[in-house]
Amino acid sequence: MDLAGHLSIQAHANRLANHRLHGAMASLGADEFHAPRTSFFPSLAATLNHLLAVDLYYIGALHGDAGIVQAYQHFQPAGTVAELAARQAVSDQRLIDYCLSLTPERCAAEVALDRGDHVQRDGVGHVLAHLFMHQTHHRGQAHAMLAGTTIAPPQLDEFLMPSEAHLRVAEMQALGWREEDVYRQVASTRGR
């Protein structure tokens, strides 16, 4: 598998993990969603809204969007799990679409990350690796916080291994994906 293929699979894995997490949390009331918990961001709402805000910033940078610093500074947190899930799904799809368009050359292209007081420049592959690590890090914190609720934390890491397809059938159907399409897309888009 080449880097572009790996990044596409990571983007799909991110979407599937968010789908599972938000689905498990769907029955949480506002009080539990916003309840103080032990973590870096001290609630499920704060943690998952931070994740969304950072996703929007980096995905915007990858797409070359103007005003990403201002958008981050004026980010309005989602107040409910349903609102968060809907907004995150849109962001996740934008990331998938971006990653499906990658070629080896585009993985090495430079991304300008406006930091307000300077512009940081890194390669697409490095930016995406950082973004996926950030997503996994904070989703893991939310996963641990769920253990303090009546919700059983869902399994979040069943996507990268093609041999584990049987563990994600329901989610793949809910997302409208087929295993052969996701993995074939990775191989077929490389020739673009």
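See the structure above.
Criteria and thresholds
- Residues numbered from 1 in each chain as written.
- Predicted model: local features only at pLDDT ≥ 70, side-chain atom pairs only at ≥ 80, totals over all residues.
- Heavy atoms only, no water.
- Helix = DSSP H or I, 4+ residues; strand = E, 2+ residues; numbered from the N terminus.
- Rg over C-alpha atoms; globule rule 2.2 N^0.38 Å.
- Contact = heavy atoms within 4.5 Å.
- Areas by Shrake-Rupley, 256 points an atom, 1.4 Å probe, with all protein chains shown as cover.
- Lys, Arg positive; Asp, Glu negative; His and termini not counted.
- Charge placed at Lys NZ, Arg CZ, Asp CG, Glu CD.
- Buried < 20%, exposed > 50% of the residue type's maximum accessible area, 1.4 Å probe, protein only.
- Polar contact = N/O pair within 3.5 Å; in protein donor to acceptor, adjacent residues only side chain to side chain.
- Expected span 1.5 Å × (residues − 1).
- Pairing = 2+ DSSP bridges.
- Axes fitted to C-alpha atoms, helices over the stretch in contact; angles between N-to-C directions.
- Parallel < 35°, antiparallel > 145°, perpendicular 65-115°, else oblique.
- Nonpolar A, V, L, I, M, F, W, Y, C, P; charged D, E, K, R; others polar.
- Salt bridge = Lys/Arg side-chain N within 4 Å of Asp/Glu carboxyl O.

1. Topic: the overall build of the protein chain
So, step 1. When helices and strands are tallied, the protein chain shows nine helices and two strands.
So, step 2. Start at the N end of the protein chain and walk to the C end: the helices and strands fall as α-α-α-α-α-α-β-β-α-α-α.
So, step 3. Taking 192 residues into account, the globule formula puts the C-alpha radius of gyration at 16 Å, and the protein chain, at 17 Å, falls close to it.
So, step 4. Each principal axis of the C-alpha atoms in the protein chain carries an extent, and together these give about 50 × 50 × 20 Å.
So, step 5. Long-range pairs, those at least 24 residues apart, make up 68% of the contacts in the protein chain with a sequence separation of at least 6.
So, step 6. Carbon together with sulfur atoms contributes 58% to the accessible area of the protein chain, which is approximately 9,400 Å² in total.
So, step 7. The average position of the 14 basic charges and that of the 20 acidic charges among the side chains of the protein chain differ by 3 Å.

2. A look at the side chain of arginine 20
So, step 1. Of note, arginine 20 is situated in helix α1 (residues 3-25).
So, step 2. Using a relative accessible area of 8% as the deciding quantity, one classes arginine 20 as buried.
So, step 3. There is a polar contact of 2.9 Å between the side chain of arginine 20 and the backbone oxygen of glutamine 155.
So, step 4. Reaching out from arginine 20, the side chain makes a polar contact with the backbone oxygen of leucine 167 at a distance of 2.8 Å.
So, step 5. With residues up to four places along the chain from it excluded, the contact list for arginine 20 reads Pro154, Gln155, Leu156, Glu158, Leu167, Arg168 and Glu171.

3. Quick look at helix α3 (residues 44-63)
So, step 1. The end-to-end C-alpha separation of α3 is 28 Å, in line with the 28 Å expected for 20 residues at 1.5 Å each.
So, step 2. Within α3, 17 of the 20 residues are buried, leaving the element largely enclosed by the surrounding structure.
So, step 3. Near the N-terminus of α3, the side chain that reaches the backbone nitrogen of alanine 45, with its oxygen 3.4 Å away, is that of serine 43.
So, step 4. Of the residues one or two after α3, glycine 64 is the one with positive phi, at around 75°.

4. Considering the pairing of strand β2 (residues 119-123)
Look at any regular strand and the pattern is simple: side chains alternate between the two faces of the sheet.
So, step 1. When strand β1 (residues 110-114) meets β2, the two strands line up antiparallel, connected through five bridges. Bridging across to β2, valine 111 finds its partner in aspartate 122.
So, step 2. Counted between consecutive antiparallel strands, the loop separating β1 from β2 contains four residues, among which glycine 116 sits at a positive phi close to 90°.

5. Describing the packing of α3 against helix α7 (residues 124-146)
So, step 1. Contact geometry of α3 with α7 gives a least axis separation of 10 Å together with a crossing angle of 170°. The orientation of α3 relative to α7 falls into the category roughly antiparallel.
So, step 2. Of the residues contributing to the contact of α3 with α7, the split by class is 14 nonpolar, seven polar and two charged.

6. Some thoughts on the pattern of salt bridges
Two side chains carrying opposite charge are able to pair once their charged atoms lie near each other.
So, step 1. Per the stated rule, a full pass over the model turns up seven salt bridges.
So, step 2. Note that arginine 168 and glutamate 179 form a salt bridge whose closest N and O atoms lie 2.7 Å from each other. Of the two residues, arginine 168 is situated in the loop between α7 and α8 (169-175) and glutamate 179 in helix α9 (residues 179-188); the sequence distance between them amounts to eleven residues. Glutamate 179 carries the same exposure label as arginine 168, and that label is buried.
So, step 3. One salt bridge connects arginine 178 with glutamate 180, and the closest N-O pair in it is separated by 3.2 Å.
So, step 4. The class of arginine 178 is partly exposed, set by a relative accessible area of 44%.

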